[in-house]
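Residue-level structural notes
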Amino acid sequence: MSEYALELQNVTVTYTDGFEALHGVDLQVSPGEIVALLGPSGSGKSSLLRGVAGLEAVTSGRVLIAGQDVAGVPTHKRGCGMVFQDGQLFPHRTVAGNVAYSLEHTGRSRAQIRDEVAHWLNLVGLPDYGPRAITTLSGGQAQRVALARSLARRTGLLLLDEPLSALDRELREQLALELRGILTAADSSAVYVTHDHEEANTLADRVVYMRDGEITG
Ligand code: ADP
Ligand code: MG
């Protein structure tokens, strides 16, 4: 049996008001593959990611993560990490505290956690930022920390919802390139949502187009 990092089989997402945002979508992501999901605003990109993460209910079809049907599985147990446009960092924790978050209560020693945090901060290009307060970071730095925090969980699958779209163009182009290197070094599969063609092409192994709740190619 072939096992995808992520597989969507005929997935529909319907909101509580009855609006169907995703109409029977099929998608396969191979282990280690970076897929960009490209489409205009309102085409259903976030709905797809949120359905995979369990933040919205999938009203028909199946979502499999690493071969496991995740119907009924809560978000934090699905084996995927998410990075949002605004990072959603914990403002009361330091940079290191944010990255350490998912490593706490896992039986790791403090020294192990410290080493792993250092590893991920190094990978995202912020080796000396551990003690910094979140409020002192630039937008680009905050998104790097959000990425490190998600990678630290080592889920093998990252869902990124326009993580660079709040940054200015120049920084976005530079970070898109770097992001590809980081995801590859972390050996992570990813679905990367964007409405920017260039960013999609820079970052992804494969670009998938969405329109009106459907994948069009
Ligand atoms: P994208 O991320 O591609 O911009 P979304 O997945 O956010 O698109 O939205 C797809 C469609 O679903 C849009 O028409 C949007 O208005 C609708 N939608 C999103 N969230 C909700 C919600 N909570 N309730 C009803 N409709 C929603
Ligand atoms: Mg969106």
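Structure: see above.
About the thresholds
Residues numbered from 1 in each chain as written. Chains lettered and ligands numbered in written order. Predicted model: local features only at pLDDT ≥ 70, side-chain atom pairs only at ≥ 80, totals over all residues. Heavy atoms only, no water. Salt bridge = Lys/Arg side-chain N within 4 Å of Asp/Glu carboxyl O. Helix = DSSP H or I, 4+ residues; strand = E, 2+ residues; numbered from the N terminus. Near = heavy atom within 4 Å. Polar contact = N/O pair within 3.5 Å; in protein donor to acceptor, adjacent residues only side chain to side chain. Areas by Shrake-Rupley, 256 points an atom, 1.4 Å probe, with all protein chains shown as cover. Phe/Tyr/Trp six-rings, centres within 6.5 Å; stacked < 30°, edge-to-face > 60°. Buried < 20%, exposed > 50% of the residue type's maximum accessible area, 1.4 Å probe, protein only. Lys NZ or Arg CZ within 6 Å of the ring centre and 35° of its normal. Core = buried A, V, L, I, M, F, W, Y, C linked by side-chain atoms within 4.5 Å. Contact = heavy atoms within 4.5 Å. Lys, Arg positive; Asp, Glu negative; His and termini not counted. Pairing = 2+ DSSP bridges.

Turning our eyes to something else, we now look at the pattern of salt bridges. Inspection of the entire model under this criterion finds 12 salt bridges. In this structure, the salt-bridge partner of Glu33 is Arg206, at a minimum N-O distance of 2.9 Å. Highlighted residues: Glu33 in the loop between strand S2 (20-29) and strand S3 (34-38) and Arg206 in strand S9 (residues 206-211), separated in sequence by 173 residues. A salt bridge links Arg169 to Glu173, with the shortest nitrogen-to-oxygen separation between them at 3.0 Å. Taken together, the positions of Arg169 and Glu173, both in helix H5 (residues 169-185) and 4 residues apart, correspond to about one turn of that helix. Linked through salt bridges whose partners overlap, the residues forming this network are Arg169, Arg172, Glu173, Asp196, Glu198 and Glu199.

We now examine the site of ligand 1. If you check the shell around ligand 1, you find Tyr15, Asp17, Phe19, Ala21, Pro40, Ser41, Gly42, Ser43, Gly44, Lys45, Ser46 and Ser47 and nothing else. Between ligand 1 and the protein, one listed contact pairs an oxygen atom with a backbone N or O atom of Gly44 at 3.0 Å. In the environment of ligand 1, an oxygen atom lies 2.9 Å from a nitrogen or oxygen atom belonging to the side chain of Ser46. Contact with the protein chains hides 63% of the accessible area of ligand 1, taken as 560 Å² for the molecule alone. A total of 3 residues in the shell around ligand 1 trace back to one element, the largest contributor, which is helix H1 (residues 45-53).

This part covers the packing of aromatic side chains. For any pair of aromatic rings, the description consists of the separation of the ring centres together with the inter-plane angle of the planes. For the structure shown, the criterion picks out 1 aromatic pair. Measuring from ring centre to ring centre gives 4.6 Å for Phe90 and Tyr101, while their planes differ by 55 degrees; the resulting arrangement is tilted. Linking Phe90 in the loop between strand S6 (81-83) and helix H2 (95-100) with Tyr101 in the loop between H2 and helix H3 (110-123), this pair joins segments that are 11 residues apart in sequence. With a relative accessible area of 24%, Phe90 lands in the partly exposed category. Over the face of the ring belonging to Phe90 we find Arg149, whose NZ or CZ atom lies 4.8 Å from the ring centre.

Ranked by size, the top nonpolar core spans 39 residues in total, and within it Val99, Leu121, Leu147, Leu160 and Leu183 carry the most contacts. Within the residue set of this core, elements represented by two or more residues are S3, H2, H3, helix H4 (139-151), strand S7 (157-161), H5, strand S8 (189-194) and helix H6 (197-203). Examining the composition of this core, we find that 6 residues originate from one element, H4, more than from any other. Beyond its immediate stretch of four places on either side in the chain, Leu160 contacts Leu49, Val83, Leu147, Leu183, Ala190, Val191, Tyr192 and Val193.

What follows is about the side chain of Glu162. Here Glu162 shows up in the loop between S7 and H5. Of the side chains with opposite charge, Lys45 comes closest to the buried, unpaired Glu162, at an N-O distance of 4.0 Å. Those residues in contact with Glu162 that lie beyond four places of it in its chain are Lys45, Gln85, Val193, Thr194 and His195.

Bridge count for strand S1 (residues 6-14) against S2 is 6 bridges, and the pairing is antiparallel. Bridge pairing in S2 links Val13 to Leu22. Where S1 folds back on S2, the antiparallel hairpin that results is connected by 5 residues, among which Gly18 adopts a positive phi of roughly 95 degrees. Both S1 and strand S4 (residues 58-65) contribute to a ladder of 6 bridges, which runs antiparallel. If you follow Gln9 over to S4, its bridge partner there is Arg62.

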